[in-house]
Amino acid sequence: MPIINKLTTGFAHFRDKYFSEHQELYRRLVREGQKPTICMIACADSRVDPAIVLQADPGDIFAIRNVANMVPPYLSGQDVTYHGTSAALEFAVQYLGVKYIVVFGHAHCAGVKAMVNGQEGQAVAGHFVPAWTSIADKAYAMARAKNPTAQGEELIHCCERQAVLVSLENLMTFPFIKDKVEAGTLHIHGWYLDIAEGKLAQYDPATDTFVTMAA
Ligand SMILES: [Zn+2]
């Protein structure tokens, strides 16, 4: 079980090095509780852990991870069971009072690829995945309209970026998010990580483009 051995060795290294060097930080986070100011919705993809990519410390990021970093639309009414992402957003905004929410999209996203396949008439395997990724169905039409000549990988990358915008739009359907954004006490952003190039871009609403933040 090489991966288990790798991780248990990793924990021993963390305990001896990082944990021992940051004991006061951990003690304070236990004593005072966590007070992250940012919530990130990232993909469950093993290559895009925001804490690693952004070199964050414990207590910095309230991370929500799911397939394709998607935010579902707010559902009112009685169906409040098992909405993991919505519950985590409510916890971040209403309990922790985060000041920022970032939808952290990325290139080469298998979840967005599944959505694209579905939109192009191909069967998407699974019981839960097709329903979940359909949250971003309209990102396909948005990408087509934005870049009519894009095909293959270029089209998928365009869909990945547009899917971030769909999630930003869906964030605003949550009344407790909309109210705070409009009051200026909560800010929402869309980021896009190109894992092959090691580049991070931020959505700029003024130009409707993703602008590189760090090369
Ligand atoms: Zn992904």
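Cut-off values and rules
Residues numbered from 1 in each chain as written. Predicted model: local features only at pLDDT ≥ 70, side-chain atom pairs only at ≥ 80, totals over all residues. Heavy atoms only, no water. Phe/Tyr/Trp six-rings, centres within 6.5 Å; stacked < 30°, edge-to-face > 60°. Buried < 20%, exposed > 50% of the residue type's maximum accessible area, 1.4 Å probe, protein only. 1 Å grid on protein atoms, 1.4 Å probe; cavity = no way out; pocket = protein on both sides within 12 Å on 5 of 7 lines; lining within 4 Å. Points joined across faces, edges and corners; volume = space filled by probe spheres on them. Helix = DSSP H or I, 4+ residues; strand = E, 2+ residues; numbered from the N terminus. Nonpolar A, V, L, I, M, F, W, Y, C, P; charged D, E, K, R; others polar. Donors = N, O, S within 2.8 Å, 3.2 Å for Na, K, Ca; no water. Domains from an automatic or database assignment. Contact = heavy atoms within 4.5 Å. Buried area = accessible area lost by both parts, 1.4 Å probe. Salt bridge = Lys/Arg side-chain N within 4 Å of Asp/Glu carboxyl O. Pairing = 2+ DSSP bridges. Axes fitted to C-alpha atoms, helices over the stretch in contact; angles between N-to-C directions. Parallel < 35°, antiparallel > 145°, perpendicular 65-115°, else oblique. Left-handed = near helix turned anticlockwise from the far one by under 90°.

### A word on the packing of aromatic side chains
Tallied over the entire structure, the rule returns 12 aromatic pairs. Ring geometry for Phe 14 versus Phe 19: centroids 6.1 Å apart, planes at 45 degrees, classification tilted. Judged by relative accessible area, Phe 19 falls into the partly exposed class, the value being 30%. Aromatic ring contacts, followed pair by pair, group Phe 11, Phe 14, Tyr 18, Phe 19 and Tyr 26 into a single cluster.

### Some points on the layout of surface pockets
Empty space among the atoms becomes visible once a probe the size of a water molecule is rolled across them. Reported here for the largest pocket is a volume of approximately 520 Å³. Contributing to the lining of the largest pocket are 21 residues, with Tyr 82, His 83, Gly 84, Ser 86 and Ala 87 lying nearest its centre. In terms of residues, the lining of the largest pocket owes the most to one element, helix H4 (residues 84–95), which gives five residues. Each residue belonging to the lining of the largest pocket can be placed in one class, and the counts come to 11 nonpolar, eight polar and two charged. For the second largest pocket, the calculated volume is near 300 Å³. As for the second largest pocket, its lining consists of 14 residues, and the residues nearest its centre are Asp 49, Ala 51, Ala 56, Asp 57 and Pro 58. Broken down by secondary-structure element, the contributors of at least two residues to the lining of the second largest pocket are helix H3 (50–53) and strand S2 (61–66). Here the element with the most residues in the lining of the second largest pocket is H3; it accounts for three residues. In terms of residue class, the lining of the second largest pocket is built from nine nonpolar, two polar and three charged.

### A few points about the coordination of the zinc ion
Surrounding the zinc ion are the protein donor atoms Cys 43 (SG), His 106 (NE2) and Cys 109 (SG), which sit 2.0 to 2.2 Å from the metal. Considered as a linear motif, the donors of the zinc ion on their single chain read C-x62-H-x2-C. With relative accessibility at 2%, the residue His 106 sits in the buried group.

### Some remarks on the domain arrangement of the protein
Think of interface size as the accessible area that goes away when the parts come together; that is how it is often given. Splitting the protein by domain gives domain 1 (1–33) and domain 2 (34–214). Taking only C-alpha atoms into account, the centre of domain 1 sits 29 Å from that of domain 2. Between domain 1 and domain 2, the contact holds seven residues from the first and five residues from the second. Per-residue buried area on domain 1 facing domain 2 is highest for Tyr 18, Leu 29 and Gly 33; these three make up 62% of the total on that side. Where domain 1 packs against domain 2, one counts zero salt bridges.

### Describing the pairing of strand S5 (residues 199–204)
For strand S4 (residues 187–194) and S5, the ladder comprises four bridges, and the chain directions are antiparallel. Bridging from a neighbouring strand, Trp 191 pairs with Gln 202 of S5. Following S4, the chain reverses through four residues before pairing antiparallel with S5; Gly 198 in that reversal takes a positive phi of roughly 70 degrees.

### Here's the deal with the pairing of S2
By the alternation rule, side chains of S2 split into Phe 62, Ile 64 and Asn 66, which are all buried, and Ile 61, Ala 63 and Arg 65, of which none is buried. Pairing geometry for strand S1 (residues 38–43) and S2, over six bridges, is parallel. Across the sheet, the residue bridging to Cys 39 is Phe 62, located in S2.

### Structural notes on the packing of H4 against helix H9 (residues 175–183)
Two packed helices can be described by the angle between their axes and the distance between those axes. Put simply, H4 and H9 touch, their axes get as near as 10 Å, and they point 40 degrees apart. One element, H4, and the other, H9, form an angle in the oblique class. Considering the relative orientation of H4 and H9, their crossing is left-handed. Here Leu 89, Glu 90, Val 93 and Gln 94 of H4 come into contact with H9, specifically with Phe 176, Ile 177 and Lys 180.

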